[in-house]
Amino acid sequence: MYFTDRGIEELENRRGEEEVTYEWLAERLREFVDLNPEFEIPVERLATWLARLDDEDDE
């Protein structure tokens, strides 16, 4: 188990029943980076990965 799995499990347990939009998620990511600028690159990579998920299916 990776260390990040704990945070992912907490997210799933606390908010797993909720539905969110990508617009909402994008705003939360912007807020997070504003508060934690040292995480700008990992957040950008995650956002890019999420944005391009369907591209892998097309190949």
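As a reminder, the structure under discussion sits directly above these lines.
Definitions and cut-offs
Residues numbered from 1 in each chain as written. Predicted model: local features only at pLDDT ≥ 70, side-chain atom pairs only at ≥ 80, totals over all residues. Heavy atoms only, no water. 1 Å grid on protein atoms, 1.4 Å probe; cavity = no way out; pocket = protein on both sides within 12 Å on 5 of 7 lines; lining within 4 Å. Points joined across faces, edges and corners; volume = space filled by probe spheres on them. Helix = DSSP H or I, 4+ residues; strand = E, 2+ residues; numbered from the N terminus. Nonpolar A, V, L, I, M, F, W, Y, C, P; charged D, E, K, R; others polar.

(A) How the structure looks around the layout of surface pockets. In this structure, the largest pocket occupies an estimated 860 Å³ of space. Forming the walls of the largest pocket are 19 residues, and the residues nearest its centre are L11, W24, L25, L29 and L46. Elements with a contribution of two residues or more to the lining of the largest pocket: helix 1 (4-15), helix 2 (22-35) and helix 3 (40-51). The element that contributes the greatest number of residues to the lining of the largest pocket is helix 2, accounting for six residues. Its residues placed into classes, the lining of the largest pocket shows 13 nonpolar, two polar and four charged. In this structure, the second largest pocket encloses a volume near 170 Å³.

Read these as layout, nothing more, since geometry by itself doesn't imply function.
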